[in-house]
Amino acid sequence: MDSERVSALRDSGENHFSPRSNGGSERTPLKLPFIIGVAGGTASGKTTVCNMIISQLHDQRVVLVNQDAFYRSLSNEQLQKVNEYNFDHPDAFDTELLLSCMEKLRHGRTVSIPNYDFKTHKSIEPGRMVNPSDVIILEGILVLHDSRVRDLMNMKIFVDTDSDVRLSRRIQRDTVERGRNVENVLDQYAKFVKPSFEEFILPSKKHADVIIPRGADNHVAIDLIVQHICTKLGQHDLCKIYPNVFVIHSTFQVRYGNAYACEGTKTTKHDFVFYADRLIRLVVEHGLGHLPFTEKQIITPTGSVYCGVVFCKRLCGVSVIRSGESMENALRACCKGIKIGKILIHGEGKNGRELIYEKLPSDIASRHVLLLDPVLASGNSAVKAISVLLNKGVAESNIIFLNLIAAPEGIHTVCKKFPRLKIVTSEIDMTLNKDMHVIPGMGEFGDRYFGTGSSQHHPK
Ligand SMILES: Nc1ncnc2c1ncn2[C@@H]1O[C@H](COP(=O)(O)OP(=O)(O)O)[C@@H](O)[C@H]1O
Ligand SMILES: Nc1ccn([C@@H]2O[C@H](COP(=O)(O)O)[C@@H](O)[C@H]2O)c(=O)n1
Ligand SMILES: [Mg+2]
């Protein structure tokens, strides 16, 4: 399999099936599925965690593929000495077959996945027919071990459960479900399971994007993962429709910050400001990366030549009062001496927006503008603010609109009207509620950031 090509496709954001696929066994792979790998030691709760994720992704088409299905069948000779066979070694699996099945599923083809019997140690015919889906979860002790398998994944998870807990669960499970006795389980554990865990499984943890301590008991981690998958499935579509929408790379730092900033009653004003400021800084840095630049060579103190870049100097920030003012400090910290203008817009509901106040640099028409507003909801205020800038002579393509959270409705509104402007955000949320608030959202951002109003601890 050509893993370089796989990475290139993924990096270009080419992902996921169309929700309007034909539903048959051969689907048009307009987009590639979102592939999640779930590894961890035996009985760590991998299967249980996957089933919880699947049940929470109720409105997505999800399929679970178990690495166990790709165990090689034992020959009669091997069966005679089954107690000497290491089922925890990478060679126990037919990884070529796993890769070929995954590649077919990834390209929208139905595949037959073998059925494995833990009592007879053999594959049994017929296999299980698996249809392609929007999300494919590949689960097993060694799914993060082989780099070719890892390269297929958009998200890598390691379920990290205490080894004593795992051993006691394994005894329980294997004596009840896999036809073993306690002595077999303990012998196999000491001879193969534990040493292979240390040699192959534990080292693969470093490849994980997310580590789930305590497995299925960790509801917070599972909720975050489900939210991330939902966001990714929605986000990629919008980024494909509007190539000028950029969602900053969703590291766990970003999700961590968003989790705190979005949390309602438990996050104090102080914590909210801390996490919001971190996210704002990331968005501002990312937004600045979209400015035009020229290359510049300099001589370093060691006399070496360094080839760097110089960004366009004619810049200004414009904050939409009041929430947008929370982003000014981060912009000032990144661009020394930057001019900052302000716009105040009034009006709620469907009756349009009114410009109340503006103070903008007199030469704004010749500048690149970073428009600051942390929440893009319906997009009506943004449209008004952008129109003010355009009326002042700013070129649409010279505007970069920075926000922390954007609703799909706001993105549609802004991007349809202003296709040349860029939007940089840290997260595209699910939708707007009837009060035009972003869901799940952060509540009243200005009140929470500046510590005013009754909603600071009870966001709507
Ligand atoms: N959080 C948990 N609490 C109690 N029992 C659990 C928990 N997670 C898993 N189990 C049980 O432990 C056993 C192993 O879990 P499983 O999900 O099959 O692990 P794995 O797929 O990692 O081998 C199963 O019998 C399962 O029901
Ligand atoms: N015939 C077999 C095949 C595998 N095993 C053990 O299963 C474990 C992997 O499955 P989990 O659900 O626990 O992840 C692995 O540790 C093998 O030792 C087996 O006992 N017999
Ligand atoms: Mg399992």
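Provided above is the structure to which this section pertains.
Residues numbered from 1 in each chain as written. Chains lettered and ligands numbered in written order. Predicted model: local features only at pLDDT ≥ 70, side-chain atom pairs only at ≥ 80, totals over all residues. Heavy atoms only, no water.

Undergrad: Could you clarify how one ought to interpret the site of ligand 1 in this entry?
TA: By nearness alone, every residue bordering ligand 1 is listed as G41, A43, S44, G45, K46, T47, T48, E139, R169, R173, A216 and D217. The side chain of R173 places a nitrogen or oxygen atom 2.9 Å from an oxygen atom of ligand 1. A distance of 2.8 Å is found between a nitrogen atom of ligand 1 and a side-chain nitrogen or oxygen belonging to D217. Protein contacts shield 70% of the accessible area of ligand 1, which totals 560 Å² for the unbound molecule. Sorting the residues of the shell around ligand 1 by element identifies α2 (46–56) and α6 (163–177) as the ones contributing at least two each. The dominant element in the shell around ligand 1, judged by the number of residues it contributes, is α2, at 3 residues. A class-by-class count of the residues in the shell around ligand 1 yields 2 nonpolar, 5 polar and 5 charged. (Near = heavy atom within 4 Å. Polar contact = N/O pair within 3.5 Å; in protein donor to acceptor, adjacent residues only side chain to side chain. Areas by Shrake-Rupley, 256 points an atom, 1.4 Å probe, with all protein chains shown as cover. Helix = DSSP H or I, 4+ residues; strand = E, 2+ residues; numbered from the N terminus. Nonpolar A, V, L, I, M, F, W, Y, C, P; charged D, E, K, R; others polar.)

Undergrad: Help me understand the environment of N83, please; the structure alone is not making it clear to me.
TA: Mapping N83 onto the fold places it in the loop between α3 (76–80) and α4 (95–106). Relative accessible area serves as the criterion here: at 59%, N83 is assigned to the exposed category. For N83 and D187, which are 104 residues apart along the polypeptide, the C-alpha to C-alpha distance reads 8.4 Å. In contact with N83, other than residues within four places in its own chain, are K191 and F192. (Buried < 20%, exposed > 50% of the residue type's maximum accessible area, 1.4 Å probe, protein only. Contact = heavy atoms within 4.5 Å.)

Undergrad: How do you make sense of the pattern of salt bridges when you look at a structure like this?
TA: Charged atoms that come close allow side chains of opposite charge to pair. Throughout the structure, instances matching the rule amount to 17 salt bridges. Among the salt bridges present, the one from D174 reaches R173, with a minimum N-O distance of 3.1 Å. Among the residues examined, D174 registers a relative accessible area of 1% and is labelled buried. You can call R173 partly exposed: its relative accessible area is 22%. (Salt bridge = Lys/Arg side-chain N within 4 Å of Asp/Glu carboxyl O.)

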